[in-house]
Amino acid sequence: MIKHIIFDAFGTLFQVEKGASANAVLKHLNAFGHHPDADAFHAEWKSFYRKHTASFPFQTEREIFTARIRHFCEQYQVPGNAEKAAADMLAAAGKRPAYPDAKPVLDALKGQYCLHIASNTDNDVLQSVMHNQQIEVDHVFTSETFRCYKLSPSFYDQLIHQIHALPEECLFIGDSLEEDVLAPAAHGMKSLYLCRTASSVSANICSLSSLLELHDYLDAQL
């Protein structure tokens, strides 16, 4: 029986602009006459991030963003204040709007389930966007809280321990197939893939195209 529902934050409850941070740096490089292939640049940008989220010792997103911007400025030999640019990117993340279905669904579920947010981000960023969008849940967990990122087994182990739940009592919902669906399922949790651009992903993957569909799923579990 589901008692706890865990939501990813960005891309699930809060809107995102795919590739926004990479595009900001790409625009900066363009201003100094550098025009790398956009697809290759985005791939390298993402690879840098994944490598550093899996590295030890733990680095916050602010530290990773700063290192990543500094890396590309040095690579292309252009000036840039990496600390300020990273701060601006994270400040922008804290101002992102919620999806229209987020608050109504959360409000409707309050009192019926224990609601949590578990996100790959820094505490201040998530606190800021939740405050700005008036989103409230029972508990909030971040990669900074757990000192590791999703896909690390420790992230999900700590989550289950912190909410004092059995894995089978938990439902994890998010827009990342690997981080929010497959990894939680590997830890014994139920999971749902939120794919807002398609109604179905695979016959083997439970998916939603909107959080508004969550009510029907939960009713079917009773």
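What you are looking at is a predicted structure, and each value in this text was computed from that prediction instead of being measured. (Residues numbered from 1 in each chain as written. Predicted model: local features only at pLDDT ≥ 70, side-chain atom pairs only at ≥ 80, totals over all residues. Heavy atoms only, no water.)

Visitor: An account of the overall build of the chain is requested, with residue identities and associated values reported.
Guide: Helix and strand counts for the chain stand at 10 helices and 6 strands. For a compact globule of 222 residues, the expected C-alpha radius of gyration is about 17 Å, and the chain comes in at 18 Å, within 12% of that figure. When the backbone C-alpha atoms are referred to their principal axes, the chain occupies close to 60 × 35 × 35 Å. In the chain, buried positions account for 47% of the 222 residues. Considering only contacts within the chain whose residues lie at least 6 apart along the sequence, 60% involve residues at least 24 apart. Accessible area of the chain: about 11,200 Å², with a carbon and sulfur share of 53%. For the chain, the distance from the average site of its 18 positive side-chain charges to the average site of its 27 negative ones is 4 Å. (Helix = DSSP H or I, 4+ residues; strand = E, 2+ residues; numbered from the N terminus. Rg over C-alpha atoms; globule rule 2.2 N^0.38 Å. Buried < 20%, exposed > 50% of the residue type's maximum accessible area, 1.4 Å probe, protein only. Contact = heavy atoms within 4.5 Å. Areas by Shrake-Rupley, 256 points an atom, 1.4 Å probe, with all protein chains shown as cover. Lys, Arg positive; Asp, Glu negative; His and termini not counted. Charge placed at Lys NZ, Arg CZ, Asp CG, Glu CD.)

Visitor: Lay out the sheet that holds strand 6 (residues 207–208) in plain terms, naming residues and giving numbers.
Guide: Strand order across the open sheet formed by 6 strands is 3-2-1-4-5-6, with parallel pairing between neighbours. The sheet is open, and its two borders are formed by strand 3 (139–142) and strand 6, each paired with just one other strand. In the sheet, strand 1 (residues 4–7) pairs with strand 4 (residues 170–174) via 4 bridges, with the strands oriented parallel. The residue of strand 4 that forms the bridge with phenylalanine 7 is isoleucine 173. Along the sheet face, helix 9 (residues 177–186) touches strand 4 and strand 5 (190–194) and points at about 165° away from the line of strand 5. (Pairing = 2+ DSSP bridges. Axes fitted to C-alpha atoms, helices over the stretch in contact; angles between N-to-C directions.)

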